[in-house]
Amino acid sequence: GDTIPTGEGTRVAMFSARFDGGPIEQKIRKVFQILCDRKYDILMVAADAGQSFGDLTTKYLGRLHKEHGTMIGVCTKHYGEMTASAYSSHKELKFALDYEEFVKVLPLRVD
């Protein structure tokens, strides 16, 4: 049977990860889908978001702030590094630290 309880009524959460298309990302996307199927209010920017990637990231971070949500940091070797992207995992972490009274960070060590 289903061993994952329903997520109805739980606080919003967002996966923050270094998206590289690798096996860790694929696994996290599967976990994301399972949580969605179990009615968890979970956010993750789609791999093929393209131009709207930044807009979605901003929207999701805004929800975390407004609803006192949880950022789930997928802690791979390169997670949190500064990159050229305005929407890197580094910037997401900085946002969470800047608003730590509103956003809880849950580190998920994966390698």
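It should be emphasised that the depicted structure is a prediction, and the values quoted were computed from it without experimental measurement.

Conventions adopted
- Residues numbered from 1 in each chain as written.
- Predicted model: local features only at pLDDT ≥ 70, side-chain atom pairs only at ≥ 80, totals over all residues.
- Heavy atoms only, no water.
- Pairing = 2+ DSSP bridges.
- Helix = DSSP H or I, 4+ residues; strand = E, 2+ residues; numbered from the N terminus.
- Phe/Tyr/Trp six-rings, centres within 6.5 Å; stacked < 30°, edge-to-face > 60°.
- Buried < 20%, exposed > 50% of the residue type's maximum accessible area, 1.4 Å probe, protein only.
- Salt bridge = Lys/Arg side-chain N within 4 Å of Asp/Glu carboxyl O.
- Contact = heavy atoms within 4.5 Å.

J.: I would appreciate a short explanation of the sheet that holds strand β2 (residues 42-43) in the present structure.
T.: Each strand in a sheet pairs with its neighbour through backbone hydrogen bonds, running either in the same direction (parallel) or in the opposite one (antiparallel). Taking strand neighbours across the sheet as the criterion, the four strands line up as β2-β1-β3-β4 in an open arrangement whose pairing is parallel. This sheet does not close on itself; its edge strands, each paired only once, are β2 and β4 (104-109). Alignment of strand β1 (residues 13-16) against β2, held across two bridges, turns out to be parallel. Residue pairing across strands places A13 opposite I42, the latter belonging to β2.

J.: In this structure, what is going on with unusual backbone geometry? I would like to understand it.
T.: With the exception of glycine, the majority of residues adopt a negative phi angle, and the majority of peptide bonds are in the trans configuration. With phi around 70 degrees, K39 is a residue other than glycine that occupies positive phi space. Structurally, the position occupied by K39 is in the loop between α1 (23-37) and β2. Backbone geometry places H68, a non-glycine residue, at a positive phi of 50 degrees. Checked against the element boundaries, H68 lands in the loop between α2 (53-66) and β3 (70-75).

J.: Just checking my understanding: could you explain the packing of aromatic side chains for this structure?
T.: Summed over the entire model, instances satisfying the criterion amount to two aromatic pairs. Ring plane angle 90 degrees and centroid distance 6.0 Å describe the contact between F19 and F53, whose orientation is recorded as edge-to-face. Of this pair, F19 sits in the loop between β1 and α1 while F53 is found in helix α2, placing the two residues 34 residues apart along the sequence. With a centroid separation of 4.9 Å and 45 degrees between ring planes, the pair formed by F95 and Y99 is classed as tilted. Classification of Y99 by relative accessible area gives partly exposed; the value is 33%.

J.: Just to check I follow, could you spell out the pattern of salt bridges for this structure?
T.: Note on pairing: side chains with opposite charge can pair once their charged atoms come close. A full pass over the atoms with the stated rule returns five salt bridges. One salt bridge connects D98 with K94, and the closest N-O pair in it is separated by 2.9 Å. Of the two residues, D98 and K94 both sit in helix α3 (residues 89-98), four residues apart, roughly one turn of that helix. A residue is classified by how much of its surface remains accessible, and K94, at 42% relative accessible area, is partly exposed. Overlapping salt bridges, with partners in common, bring together D41, R63 and E67 in one network.

J.: What am I meant to see in the environment of L108 here?
T.: Along the chain, the position of L108 falls in strand β4. Under the relative-accessibility criterion, L108 is labelled partly exposed at 33%. Taking the C-alpha atoms as reference points, L108 and K27, separated by 81 residues in sequence, lie 13 Å from one another. When near neighbours in sequence (up to four residues on either side) are disregarded, L108 contacts F15, I28, I72, G73, V74 and C75.

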